[in-house]
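Below, each chain spelled out in residue letters.
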Amino acid sequence: LAFKAVNLGEHLSSNPRYMQILVPDKEVKNTHLYDDAIKLLGDNVTPHPEGYATDKKYNDIHILPEDFDINLQTQKVKFTNTKTGKVETIRVLPNHTYVHP
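Before going into details, it helps to say that this report is about the structure given with it.

Criteria and thresholds
- Residues numbered from 1 in each chain as written.
- Predicted model: local features only at pLDDT ≥ 70, side-chain atom pairs only at ≥ 80, totals over all residues.
- Heavy atoms only, no water.
- Helix = DSSP H or I, 4+ residues; strand = E, 2+ residues; numbered from the N terminus.
- Buried < 20%, exposed > 50% of the residue type's maximum accessible area, 1.4 Å probe, protein only.
- Contact = heavy atoms within 4.5 Å.
- Areas by Shrake-Rupley, 256 points an atom, 1.4 Å probe, with all protein chains shown as cover.
- Polar contact = N/O pair within 3.5 Å; in protein donor to acceptor, adjacent residues only side chain to side chain.
- Arc of directions from axis to C-beta.
- Pairing = 2+ DSSP bridges.
- Core = buried A, V, L, I, M, F, W, Y, C linked by side-chain atoms within 4.5 Å.

1. What about the overall build of the chain?
- Across its full length, the chain carries two helices and eight strands.
- Listing each helix as α and each strand as β along the chain from the N terminus yields β-α-α-β-β-β-β-β-β-β.
- With 101 residues in all, the chain has 22% of them scored as buried.
- Counting only contacts in the chain whose residues sit at least 6 apart along the sequence, the fraction spanning at least 24 positions is 44%.
- As displayed, the chain has an accessible area near 7,800 Å², and 54% of this comes from carbon and sulfur atoms.

See the structure below:
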């Protein structure tokens, strides 16, 4: 019995230079901020004291701050809480989606 497997990497982090790779003629700044995303989503998300938010309709979708760092080997997400400035860590959950603003 065999199952198809896909490995998209074990370590994911935000890369503000990604857009510069796609559009090298323009200097692109990261203008998508967590606080702006939360304001835009309004009552559709539940902000957590740790500094991330969860969609109310689909509770397996989480919005992370812009400086996230996901390590699948340790099953942890690290990011800076935009309210307190403290580095927070949450567990990566199976079948959950983590969104960058």
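From this point on, the discussion continues.
2. Comments concerning the side chain of N81
- Structurally, N81 is set in the loop between β6 (76–80) and β7 (87–91).
- At a separation of 2.9 Å, a polar atom in the side chain of N81 contacts the main-chain carbonyl oxygen of P49.
- Those residues in contact with N81 that sit more than four places away from it in its chain are P49, E50, G51, K86 and E88.

3. Structural notes on helix α2 (residues 34–41)
- Residues of α2 that are buried: Y34, A37 and I38. One side of α2 holds all its buried residues, which, seen down the axis, span an arc of 100 degrees. Along α2, exposed side chains directed more than 90 degrees from the buried face belong to K39 and L40.
- Residues of α2 that are buried sit in contact with β2 (45–47), β3 (53–55) and β4 (61–63).

4. Focus: the pairing of β7
- Only one face of β7 is buried, namely the one carrying E88 and I90, since none of V87, T89 and R91 on the opposite face is buried.
- Where β6 and β7 come together, five bridges link them in antiparallel fashion. Across the sheet, residue K76 finds its bridge partner in β7, namely R91.
- Between the end of β6 and the start of β7, which pair antiparallel, lie six residues, with G85 showing a positive phi angle near 80 degrees.

5. What about the environment of D55?
- Within the element layout of this structure, D55 appears in strand β3.
- For D55 and L41, which are 14 residues apart along the polypeptide, the C-alpha to C-alpha distance reads 8.9 Å.
- Those residues within four positions of D55 in sequence are excluded, and the remaining contacts are N44, V45, I61 and I63.
- Polar side-chain contacts of D55 include one of 2.8 Å to the backbone nitrogen of K57.

6. Let's talk about the nonpolar core
- In terms of nonpolar packing, the biggest core is built from nine residues, these being Y52, L64, F68, I70, V77, F79, I90, V92 and Y98.
- Discounting chain neighbours no more than four positions away, the residues touching I70 are E10, H11, L12, L64, K76, V77, V92 and Y98.
- Listed in part, the five residues of the second largest apolar core include Y34, I38, V45 and I63.

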